[in-house]
Amino acid sequence: MTSDILKKAREYEERVSAYISEKERPAFHFSSRVGWMNDPNGFSYYKGAYHLFYQYHPYSTKWGPMHWGHAVSRDMLRWEYLPAALAPDTPYDNAGCFSGSALELPDGRQLLMYTGVQEHLSRDGVRRDLQTQCLAVGDGLDYEKWPRNPVLPGDVLPEGFSRQDFRDPKMFRRSDGTYGCVVGCRTEDGSGAILLFESADAFAWRFVTVLDRCWNEFGRMWECPDFFPLGGKQILMVSPQDMSALGLEFHNGDCTMFLIGSYDEQARRFERENVQAVDYGLDFYAPQTTVTPDGRRVVLGWMQNWDTCFAKPEDKWFGQITLPRELSYRDGRVVQNPVRELEKLHGRRVSYADIPVQEELTLRGVYGRTIDMTVTVRPRSECGYTSFRMKVAAGSQHYTSITYTPLTSTLRVSRDHSGTNRDFVHVRECFVRNRGGEIKLRVILDRLSAEIFVNDGEQALTLTFSTPLSADGISFQSQGKTVINVEKYDIVTQG
Ligand code: FRU
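Everything numeric in this text was worked out from a predicted model, so none of it was measured.

Trainee: How would you summarise the pairing of strand 26 (residues 410-414) if you had to cite specific residues and measurements?
Mentor: Moving residue by residue along a regular strand, the side chains alternate between the two faces of the sheet. For strand 26, the buried fraction is high: four of the five residues fall into the buried class. As judged from the five bridges shared by strand 25 (residues 400-405) and strand 26, these two strands associate in the antiparallel manner. For T403, the partnering residue across the bridge sits in strand 26 and is R412. Of the pairings in the sheet, the one linking strand 26 to strand 27 (residues 427-431) comprises five bridges and is antiparallel in character. Looking at strand 27, one finds that S414 is bridged to V427.

Here is the structure:
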């Protein structure tokens, strides 16, 4: 049965989204149907289509009581909005339906697990939120909350674990047909831990172990975990809050990390060996993965930073999701590249080879704000070069720059001149592999964002900007002499 609160949200989003034209949105990145969106939820393949749910407050462009928005797609790039799936309409989720995941049950139904947030007045008179894990079962369109919710109440937690910060369940099916689920929680030292739960039927769950703990080393609370095998390794992906930067790593405050390790399935023991930031740009948080029918592990994230959420008063929607990216494991690192479905949207191609660059130059046909462009840069002489800079989304007053400095082997992105009217951080820098002055940059622009994939996916840097769409220029410049190859495709989403 659809509650009045969900009905109201569905009517509202249907009515108000009719006033938002396609042109006001990114072309091949998912954006909130109306109002506010944060984390991607329930990213999964179900009955012939990809489903994407999301943290959603339809009624304003600010975070509020969380609903789950919903959309489907055949290629993970062009999404069709469906009616909102969940609303905060029961006593155990009266303060919000927080992040979670989805899977298909053996009987063909779709199961959602989310965090129910219940606001209650504690004995000391203070309002507190209790977080529990809850289920909803549906057919890909409508969902019924499970009558025996919550399925993971606070009393399943081991001693010392917080009932206020216990959230973001990510379920997965194990090879023997049983189910696992990772959930973020806060421990007695105030920092995060990831708990593993198991179930034979995905309805009755039991606590198994603590997979890994933050120990106040990597941020504080760990949100939005995911746990999956990749190229012979096991990855625990987490979104730590309140992270301190380490050199050029982990500058986002609320950050994202791959904890790379090995997993002893029998003993249920995860051994962390290495850590790696998921994204090195300005806007990336709360990623989640799924597996495609042909076996690819694909990740996508909220294309935003919690500290820089400012919508303009006239905006009717806020929040974008990154491109879905295929993950692989290469030379000790998790590598990310846009899903190959993007190539099917390639339109007009323009390419150049061996173009000498020094003074700022533009190339005929190389422009646009919905493009997939690969630029390879190499030194033109033995003397090398001191820097190479590319400007994108450039007009008479605006640009976003991408600068490579071979001496330090660093890549820097800056949206300082992108038309921002907010004084927050606009620059990010990261180390890239030193390849004797050569670098390969795949830059994907979609109206209001740029995603940069370095050296075939060794790093990804993501940022949003609000540059007027008329600023569609691209230019190249170097200090010292370089030679570049450029291959650019327009992205065509219609027809
Ligand atoms: C991450 C997060 C999650 C929570 C959700 C609430 O961005 O804080 O931990 O479930 O957002 O909207």
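There is more to say, and it comes next.
Trainee: Describe helix 1 (residues 4-17), naming the residues involved and giving the relevant values.
Mentor: The terminal C-alpha atoms of helix 1 lie 20 Å apart, and with 14 residues this matches the ideal 20 Å at 1.5 Å per residue to within 8%. For helix 1, every residue scored as buried is listed here: L6, A9, R10, E13, V16 and S17. Relative to the axis of helix 1, the buried residues are bounded by an arc of 150° and lie together on one face. Residues of helix 1 that are exposed and point over 90 degrees away from its buried face: D4, K8, E11, E14 and R15. Looking at the buried positions of helix 1, the neighbouring elements they touch are strand 2 (49-57), strand 3 (67-73) and strand 4 (79-86).

Trainee: Describe unusual backbone geometry, naming the residues involved and giving the relevant values.
Mentor: With an omega of -10°, the peptide bond running from N149 to P150 counts as cis. The backbone of A286 shows a phi angle near 55°, a positive value even though the residue is not glycine. Relative to the helices and strands, A286 is located in strand 17 (residues 285-291). When its relative accessible area of 1% is taken as the criterion, A286 is described as buried.

Trainee: Give me the nonpolar core: which residues, what numbers.
Mentor: Residues M390, L411, I452, F476 and I484 are the most contacted members of the largest nonpolar core, which totals 54 residues. Two domains each put at least three residues into this core: domain 1 (4-338) and domain 2 (346-491). Grouped together as the second largest cluster of nonpolar side chains are 31 residues, L6, L300, I321 and A460 included.

Trainee: So, the side chain of T289: which residues are in play, and what are the values?
Mentor: Residue position: T289 is located in strand 17. T289 gets classed as buried once you look at its relative accessible area, which sits at 0%. Here the side chain of T289 touches R297 through a polar contact of 2.9 Å, side chain to side chain. T289 has contacts with F43, K170, D226, F228, M237, R297, V298, V299 and L327, leaving out every residue within four places of it along the chain.

Trainee: For the domain arrangement of the protein, give the residues involved together with the corresponding values.
Mentor: With domains assigned, the protein is organised as domain 1 (4-338) and domain 2 (346-491). Listed by partner, the interface residues are 35 residues for domain 1 and 34 residues for domain 2. Where domain 1 abuts domain 2, roughly 2,900 Å² becomes buried across the two surfaces, and 57% of that area is made up of carbon and sulfur atoms. On the domain 1 side of the interface with domain 2, the three residues burying the most area are L248, Y280 and L282, jointly 25% of the side's total. In this structure, the connection of domain 1 to domain 2 is made through three salt bridges. Close ionic contact of D283 with R415 constitutes a salt bridge, the shortest N to O distance being 2.8 Å. Put simply, domain 1 and domain 2 have 22 residue pairs in polar contact (both at pLDDT 80 or more) between them. Contributing elements (two or more residues each) for the side of domain 1 that touches domain 2: strand 20 (325-330) and strand 21 (333-338). Top element by residues in the side of domain 1 that touches domain 2 is strand 21. It accounts for six residues. Residues belonging to the side of domain 1 that touches domain 2 are distributed by class as follows: 14 nonpolar, eleven polar and ten charged.

Trainee: So what's going on with the side chain of R297? Residues and values would help.
Mentor: Within the secondary structure layout, R297 lies in strand 18 (residues 297-302). We note that R297 is buried and unpaired, the nearest opposite charge coming from D226 at a distance of 4.7 Å.

Trainee: Tell me about the state of the cysteines, residues and numbers included.
Mentor: Under the criterion given, the structure shown has zero disulfides. Distance from the sulfur of C181, which forms no disulfide, to the nearest cysteine sulfur (C134) is 12 Å. The thiol of C214 is not disulfide-bonded; the next cysteine sulfur, from C255, is found 11 Å away. Under the relative-accessibility criterion, C214 is labelled buried at 0%.

Trainee: Describe the sheet that holds strand 8 (residues 143-145), naming the residues involved and giving the relevant values.
Mentor: Neighbouring strands of a sheet are bound in pairs by backbone hydrogen bonds; such pairs are parallel or else antiparallel. Taken in spatial order, the four strands line up as 5-6-7-8 in an open sheet, and their pairing is antiparallel. Looking at the sheet topology across the chains shown, the edges are occupied by strand 5 (96-104) and strand 8. Each strand axis lies, on average, 30° off the axis of its neighbour in the sheet, ignoring direction.

Trainee: I'd like a rundown of the layout of surface pockets, residues and numbers included.
Mentor: In this model, the largest pocket occupies a volume close to 840 Å³. Residue lining of the largest pocket: 33 residues in total, with F310, K312, D315, F465 and S466 positioned closest to the centre. A breakdown of the residues in the lining of the largest pocket according to their chemical character gives ten nonpolar, twelve polar and eleven charged. Shared between two domains, the lining of the largest pocket holds at least three residues of each, these being domain 1 (4-338) and domain 2 (346-491). Put simply, the second largest pocket is a space of about 730 Å³. Taken together, 29 residues line the second largest pocket, and the ones lying closest to its centre are F172, R173, R174, V291 and R297. Elements that contribute at least two residues to the lining of the second largest pocket include exactly strand 1 (35-46), strand 5, strand 9 (166-173), strand 11 (192-199), strand 13 (222-230) and strand 17. Looking at the lining of the second largest pocket residue by residue, the class counts come to 13 nonpolar, six polar and ten charged.

Definitions and cut-offs
- Residues numbered from 1 in each chain as written.
- Predicted model: local features only at pLDDT ≥ 70, side-chain atom pairs only at ≥ 80, totals over all residues.
- Heavy atoms only, no water.
- Buried < 20%, exposed > 50% of the residue type's maximum accessible area, 1.4 Å probe, protein only.
- Helix = DSSP H or I, 4+ residues; strand = E, 2+ residues; numbered from the N terminus.
- Pairing = 2+ DSSP bridges.
- Expected span 1.5 Å × (residues − 1).
- Arc of directions from axis to C-beta.
- Contact = heavy atoms within 4.5 Å.
- Core = buried A, V, L, I, M, F, W, Y, C linked by side-chain atoms within 4.5 Å.
- Domains from an automatic or database assignment.
- Polar contact = N/O pair within 3.5 Å; in protein donor to acceptor, adjacent residues only side chain to side chain.
- Buried area = accessible area lost by both parts, 1.4 Å probe.
- Salt bridge = Lys/Arg side-chain N within 4 Å of Asp/Glu carboxyl O.
- Nonpolar A, V, L, I, M, F, W, Y, C, P; charged D, E, K, R; others polar.
- Lys, Arg positive; Asp, Glu negative; His and termini not counted.
- Disulfide = S-S within 2.5 Å.
- Axes fitted to C-alpha atoms, helices over the stretch in contact; angles between N-to-C directions.
- 1 Å grid on protein atoms, 1.4 Å probe; cavity = no way out; pocket = protein on both sides within 12 Å on 5 of 7 lines; lining within 4 Å.
- Points joined across faces, edges and corners; volume = space filled by probe spheres on them.

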